[in-house]
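Reading the structure
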2 protein chains.
Amino acid sequence: MRKMQNLSKNQQIIFDLIDKSPEPLKAYSILFNVQKRGIKAPLQVYRALDKLVEIGKIHKIESRNAFIACQNSSCQISKATAFSICESCEKVTEINNSNLSKYLTGFKDKNGMKYNKYNLEFFGLCKKCISKKS
Amino acid sequence: MRKMQNLSKNQQIIFDLIDKSPEPLKAYSILFNVQKRGIKAPLQVYRALDKLVEIGKIHKIESRNAFIACQNSSCQISKATAFSICESCEKVTEINNSNLSKYLTGFKDKNGMKYNKYNLEFFGLCKKCISKKS
DNA sequence: TTACAAAATGTTATATTATAACAATTTAAC
DNA sequence: GTTAAATTGTTATAATATAACATTTTGTAA
Ligand SMILES: [Zn+2]
Ligand SMILES: [Zn+2]
Ligand SMILES: [Zn+2]
Ligand SMILES: [Zn+2]
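Residues numbered from 1 in each chain as written. Chains lettered and ligands numbered in written order. Predicted model: local features only at pLDDT ≥ 70, side-chain atom pairs only at ≥ 80, totals over all residues. Heavy atoms only, no water.

Turning our eyes to something else, we now look at the relation of the copies chain B and chain A. Look at the two chain copies: a rotation about an axis and a shift along it is all it takes to match them. Laying chain B over chain A is done by rotating through 180° and shifting 0.0 Å along the axis; what remains is an RMSD of 0.0 Å. Such a turn and shift between the copies fits a two-fold axis. Across chain B, the rotation axis passes nearest the C-alpha of Leu 120 of chain B, at a separation of 2.2 Å. In this assembly the copies share their binding face: 100% of the residues contributing to the interface of chain B also contribute to that of chain A. (Least-squares fit on C-alpha atoms with pLDDT ≥ 70 in both. Contact = heavy atoms within 4.5 Å.)

In structure tokens form, the structure reads like this:
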């Protein structure tokens, strides 16, 4: 049984903000939003983000430099992440597909590397944006 | 038959530099290296990089903000990229595995999104770095 | 319950990555 | 040759992220 991670004050403030956001948040947008709660400097935000990523409560969407709360119970999956990104409305969803994660976790390339982590980002158009175009 | 893309002067200079580099290059490192060849401003570098990415001659390693020349004949594959990244020595290799690319190109999630592109980054330890640790 | 170490915080400054805005020049197509 | 598109040149600035150092809080164990 894994010990429950209690978040520190800044970590909790920033996690709450990200967790209730319908879209990925950028670091300076987070900073702007938490200034009223006493977090004044970029470094305070980045330190909390680093920790939250490390413990799997949030993920960084690398292609967008933005952060999203984990949708998948946050335990082990932070080392095996997949996202779908709509290039029109920028909606981002964490993909939770065991077939996909099994395939990628088990993937071995001929180069002899030992993988312990992956991050996959799919790009395309979401349902809404497809129908808007018709 | 796709028309041969002739690169412009700046594009060629920057592509040559990236292509002969054994490791991914960052934009400002590129800038520093091409200043003797007349490219003086960040924007000149970023414009060339954007174009080279667009036509598939190079790829951006999103987790590293760095650029690598395409190893896979550069035609169609720029919409289906996969890389292996050693977290110890930072060696990056483009993965060319048709099983993997078929699996991911054909991947359909239950969310109804239409994907036209993906980028996958695997992290781990390369052979050399594994043996160094023993 | 104190003493120690680890983690988190606060703060200022600075480094790194990337784009806006506008003018001029080169290239390619008709 | 004329025109449109692409590329280049240039200055300034926006956006993202870390260095360095001092202090405080928290957890652990003697
Ligand atoms: Zn997750
Ligand atoms: Zn959409
Ligand atoms: Zn490639
Ligand atoms: Zn290595």
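Counted according to the given criterion, the structure contains nine aromatic pairs over all chains. Judged by centre distance (4.5 Å) and plane angle (20°), the rings of Tyr 115 of chain A and Phe 122 of chain B are stacked. With one member in each of two chains, Tyr 115 of chain A in strand S5 (residues 114-125) and Phe 122 of chain B in strand S5 (residues 114-125) form a pair that bridges those chains. Judged by its relative accessible area of 15%, Tyr 115 of chain A falls in the buried class. Taking relative accessible area as the criterion, Phe 122 of chain B reaches 1% and is therefore assigned buried. Taken together, the ring pairs connect Phe 107, Tyr 115 and Tyr 118 of chain A together with Phe 122 of chain B into an aromatic cluster. (Phe/Tyr/Trp six-rings, centres within 6.5 Å; stacked < 30°, edge-to-face > 60°. Helix = DSSP H or I, 4+ residues; strand = E, 2+ residues; numbered from the N terminus. Buried < 20%, exposed > 50% of the residue type's maximum accessible area, 1.4 Å probe, protein only.)

Turning our eyes to something else, we now look at the pairing of strand S1 (residues 58-61) of chain A. All names here are of chain A. With four bridges connecting them, S1 and strand S2 (residues 66-69) associate as antiparallel partners. Counterpart to Lys 60 in the pairing with S2 is Phe 67. In this structure, the hairpin formed by S1 and S2 is closed by a connection of four residues, where Asn 65 is found at a positive phi of approximately 50°. (Pairing = 2+ DSSP bridges.)

Once that is clear, we can look at the protein's contact with DNA strand C. Within the structure, DNA strand C sits among 17 residues, and Gln 44 and Arg 47 of chain A together with Lys 26, Leu 43 and Lys 60 of chain B are positioned closest to it. Looking at DNA strand C alone, sugar and phosphate atoms form 45% of those within 4 Å of the protein. Lys 26 of chain B places a side-chain nitrogen or oxygen 2.4 Å from a phosphate oxygen of DNA strand C. Between Tyr 28 of chain B and DNA strand C, the recorded distance is 2.8 Å, taken from a side-chain N or O atom to a base nitrogen. Contributing elements (two or more residues each) for the surface near DNA strand C: helix H1 (9-20) and helix H3 (42-54) of chain A together with helix H3 (42-54) of chain B. Per element, the largest residue contribution to the surface near DNA strand C is four residues, and it comes from H3 of chain A. (Near = heavy atom within 4 Å. Polar contact = N/O pair within 3.5 Å; in protein donor to acceptor, adjacent residues only side chain to side chain.)

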